[in-house]
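Tertiary structure, described
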Amino acid sequence: MSLLYKTRMGLAIALASGLPLAGWAQDQAAPTETAGAHYQLSYVGQAKPGFDAAYSGTNSLEPEREFSNTFSATAYFGFRPWTGGEIYFNPEINQGHAFSNLSGLGGFTNGELSRTASSTPQLYRQRLFLRQTWNQGGPAERVGSDLNQLAGFVDTNRLVLTAGNFSVLDVFDSNAYAKDPRTQFMNWGHMTYAAFDYAADARGFGWGAAAEWYRGDWVFRVGRMTGPMTPNDLQLDFDILNHYGDQFEVEHAHELWGQPGKVRVLGWRDRAVLARYRDAINDGLANARTPDILRVRNTEQFKYGLGVNLEQALATDFGVFLRVMQADGATETYAFTEADQSVAAGISLQGTAWGRTQDTLGVSLMQNGISNDRREYLEAGGMSFFIGDGRLQYRPEQIFEMYYSLSVNTKTFITFDYQRIHNPAYNADRGPVDIGGVRLHTEF
C-alpha cells in the first residue's frame, strides 16, 4: 500500500473522528496503539456486451450480454495483548454474482469475486491471526494505524511471525501499484501473479504460519499454509504435514534515479491430491472417451513455480510495475486460477498534474498462458474447474485494463474501469470481450 494512500486514509480517520488536522499530525507521533478498529465497504458493478464466439462449452464465458456485481463490508479489529504481540479478527459480509457462474476466463475481471460464495449476503470469519514482532536493532520506524495494523514503532531489523487464519497474499507478493482490487486494478491477475496457485480455500484464506526477517534493505519470508480438501473447495484440509502450500520470498529495496523501488523473487510449492493432465489425456485415449481430470485425481502430486515482482517509482506521483511467473503446468489448478505462465506490467499515476492529487490513473497489460499438457487436455474436450469450451484453438489470453479512481472526499473513492480481453480462456475462436465497471469504496 502506497505512502500516499496510507496518508490519505489517516486524514480520513482524523476527519471522521472530528480531529483537526493538527490533532491528526500529533496523533501520528502518539504512543503505541493498544487497540484499533477500521472498516471498509466496497461495491463493484460490471457489464459486458455480447461478443463473437464460434462455439461454447460447459465452462465457457457466455457470449450473451451479462451483468456482474459484488458487495463486501469488512471490520478490522485489533489489539495488543503484550509487547510486540498483535491479534486481529476480521468478520466480513459479502455477496456477489459473477459472469457465467465464474467460468470462461483465466484472468477474472473482479478480484472481489474470489471472496463471494453466494448472491445473497453471507457473514463469515475472514481472518483471525496473531502477529508477533521481535525487534532486533537498527533505526526505529513509525508504523501508522491502518487495516490490520496498529500504530507504533518497529526496528528496521526485526523478526515477524504471523500465525492463524489469514491469506498468503497478506504476507507475500506485495506491490505498491497492483495488489488490492478494492482500490487499484480490479483483475485477478493484479492481486498477485495469475500463475501463483497459492494454497487457500475458495475465498483465498487458510490456516498456517509465515515468518519475515527484516535486515536493512532486505526481507526474507517463508511460510506454509493449508489448502482445500479438493481443488477450489471452501473446506480446508488440515493435514498440513502432508498437504500444504509452501512459499519463500526474497525482497530487496533500492533507489533508482533518486526514487524508491523494490524487487521480489518468489518460489512456491504445493503438495496435494491432484490430477495430472497427461494422465487424464492417456486415460481418454486408452478408453476412447473425453479426458476427465476427475477420473485420475487419486495420487499426491507436487506443483511449483517461480516469479519475479518489480515496482519502481519514477517520480513522487508516478510508478511502474512488472510481475512474471512460470509454473510447472503438469497438474490441475489447486486453489487459484487457470494459468501456468503470467506476465503483467503497468503504470500508476497520481492526479497531481491536473490538480487532483488523490485521484489515480492506472494502465496495464497482462498475458496469461497454459502448459502444453493443459492445452492438449482442453483441445481434446476436457473440462477443468473454471474453463473448458469443448475444444480449443490456443492463443495466450491477453488483457488490457485501465482505471481512474476519483476521490469524492478523503475517505471515499469512485473508480471507473475498462478491460478488454483477447482469447478468453486461451481460445482464439472466441472474443474479444469488453468489460466496463464501476467501483465504490470507502474506509473509516
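Right above here is the structure, for reference.
Heads up: these notes are all about the structure in this document. (Residues numbered from 1 in each chain as written. Predicted model: local features only at pLDDT ≥ 70, side-chain atom pairs only at ≥ 80, totals over all residues. Heavy atoms only, no water.)

1. Some words on the overall build of the protein
A tally of helices and strands in the protein yields four helices and 20 strands. For 444 residues, the compact-globule formula gives about 22 Å, and the C-alpha radius of gyration of the protein, at 22 Å, lands near that figure. Once the C-alpha set of the protein is aligned to its principal axes, its extents read approximately 75 × 50 × 45 Å. The contacts of the protein with a sequence gap of at least 6 include a subset with a gap of at least 24, amounting to 69%. A total accessible area of about 18000 Å² is found for the protein, and carbon and sulfur atoms account for 59% of it. Placing the 37 positive and 48 negative side-chain charges of the protein at their respective mean positions leaves the two points 1 Å apart. (Helix = DSSP H or I, 4+ residues; strand = E, 2+ residues; numbered from the N terminus. Rg over C-alpha atoms; globule rule 2.2 N^0.38 Å. Contact = heavy atoms within 4.5 Å. Areas by Shrake-Rupley, 256 points an atom, 1.4 Å probe, with all protein chains shown as cover. Lys, Arg positive; Asp, Glu negative; His and termini not counted. Charge placed at Lys NZ, Arg CZ, Asp CG, Glu CD.)

2. Comments concerning the environment of Lys262
Along the chain, the position of Lys262 falls in strand E13 (residues 259-273). Separated by 23 residues in sequence, Lys262 and Leu285 place their C-alpha atoms 48 Å apart. Apart from the residues within four sequence positions on either side, Lys262 is in contact with Glu251, His252, Ala253, His254, Asn309, Leu310 and Glu311.

3. Structural notes on the layout of surface pockets
One number sums up the size of the second largest pocket: a volume of about 570 Å³. If you go around the second largest pocket, you meet 30 residues; those closest to its centre are Asn101, Leu102, Thr116, Phe385 and Phe386. Among the residues forming the lining of the second largest pocket, the class breakdown is twelve nonpolar, 15 polar and three charged. (1 Å grid on protein atoms, 1.4 Å probe; cavity = no way out; pocket = protein on both sides within 12 Å on 5 of 7 lines; lining within 4 Å. Points joined across faces, edges and corners; volume = space filled by probe spheres on them. Nonpolar A, V, L, I, M, F, W, Y, C, P; charged D, E, K, R; others polar.)

4. Looking at the packing of aromatic side chains
A complete count under the given rule lists 21 aromatic pairs for this structure. Put simply, the rings of Phe108, Trp188, Tyr193, Phe196, Tyr198, Trp268, Phe336, Phe385 and Phe386 pair up and form one aromatic cluster. The residue whose ring lies beneath Arg158 is Tyr214, and the NZ or CZ to ring-centre distance is 3.8 Å. If you follow Arg224 out to its NZ or CZ, it ends over the ring of Tyr244, 3.6 Å from the centre. (Phe/Tyr/Trp six-rings, centres within 6.5 Å; stacked < 30°, edge-to-face > 60°. Lys NZ or Arg CZ within 6 Å of the ring centre and 35° of its normal.)

5. Considerations on the pattern of salt bridges
One pass over the structure, following the stated rule, counts 25 salt bridges. Among the ionic pairs, Arg264 bridges to Glu311, the shortest N-O distance being 3.0 Å. With Arg264 in strand E13 and Glu311 in strand E14 (residues 300-315), this pair connects stretches of sequence that are 47 residues apart. By the burial criterion, Arg264 is buried, and Glu311 matches it. Among the ionic contacts, a cluster of salt bridges with common partners joins Glu212, Arg221, Glu249, Glu251, Lys262, Arg264 and Glu311. (Salt bridge = Lys/Arg side-chain N within 4 Å of Asp/Glu carboxyl O. Buried < 20%, exposed > 50% of the residue type's maximum accessible area, 1.4 Å probe, protein only.)

6. What about helix H4 (residues 372-379)?
Listed in full, the buried residues belonging to H4 are Asp373, Arg374, Tyr377 and Leu378. For H4, the angular spread of buried residues about the axis comes to 130°, placing them on one side. Buried residues along H4 sit in contact with helix H3 (277-287) and E14. In the stretch just after H4, Gly381 is the one whose phi turns positive, near 95°. (Arc of directions from axis to C-beta.)

7. Let's talk about the environment of Asn309
Locating Asn309 in the fold gives a position in strand E14. The residues contacting Asn309, other than those within four sequence positions of it, are Asp173, Ser174, Asn175, Tyr193, Lys262, Val263, Arg264, Leu322 and Arg323. At 2.8 Å, the side chain of Asn309 forms a polar contact with the side chain of Asn175. (Polar contact = N/O pair within 3.5 Å; in protein donor to acceptor, adjacent residues only side chain to side chain.)

8. Some remarks on the packing of H3 against H4
Where H3 contacts H4, the axes come no closer than 8 Å and their chain directions differ by 35°. As for the relative orientation of H3 and H4, their crossing is left-handed in sense. Facing H3, whose interface residues are Tyr277, Arg278, Ala280 and Ile281, H4 presents Asp373, Arg374, Glu376 and Tyr377. Of the residues in the contact of H3 with H4, the class split is four nonpolar, no polar and four charged. (Axes fitted to C-alpha atoms, helices over the stretch in contact; angles between N-to-C directions. Left-handed = near helix turned anticlockwise from the far one by under 90°.)

9. Looking at unusual backbone geometry
With the exception of glycine, most residues fall at negative phi, and the peptide bonds are largely trans. Note the cis peptide between Gly431 and Pro432, where omega equals 5°. Summarising the element assignment, Pro432 is placed in the loop between strand E19 (412-422) and strand E20 (433-443). Despite not being glycine, Asn101 shows a phi value in the positive range, around 55°. On the secondary structure map, Asn101 appears in the loop between strand E3 (85-97) and strand E4 (122-135). Take Asn101: its relative accessible area is 69%, and that puts it in the exposed class. A positive phi is found at Asn232, a non-glycine position, where the angle reads about 55°. Along the chain, the position of Asn232 falls in the loop between strand E10 (227-228) and strand E11 (236-237). Relative accessible area serves as the criterion here: at 10%, Asn232 is assigned to the buried category.

10. Remarks on the pairing of strand E1 (residues 35-48)
As defined by bridge partners, E1 adjoins strand E2 (residues 66-79) across 14 bridges and the pair is classed as antiparallel. Note that in E2 the partner of Ala47 across the bridge is Phe67. As judged from the eight bridges shared by E1 and E20, these two strands associate in the antiparallel manner. When the sheet's bridge partners are listed, Ala47 is paired in E20 with Gly436. (Pairing = 2+ DSSP bridges.)

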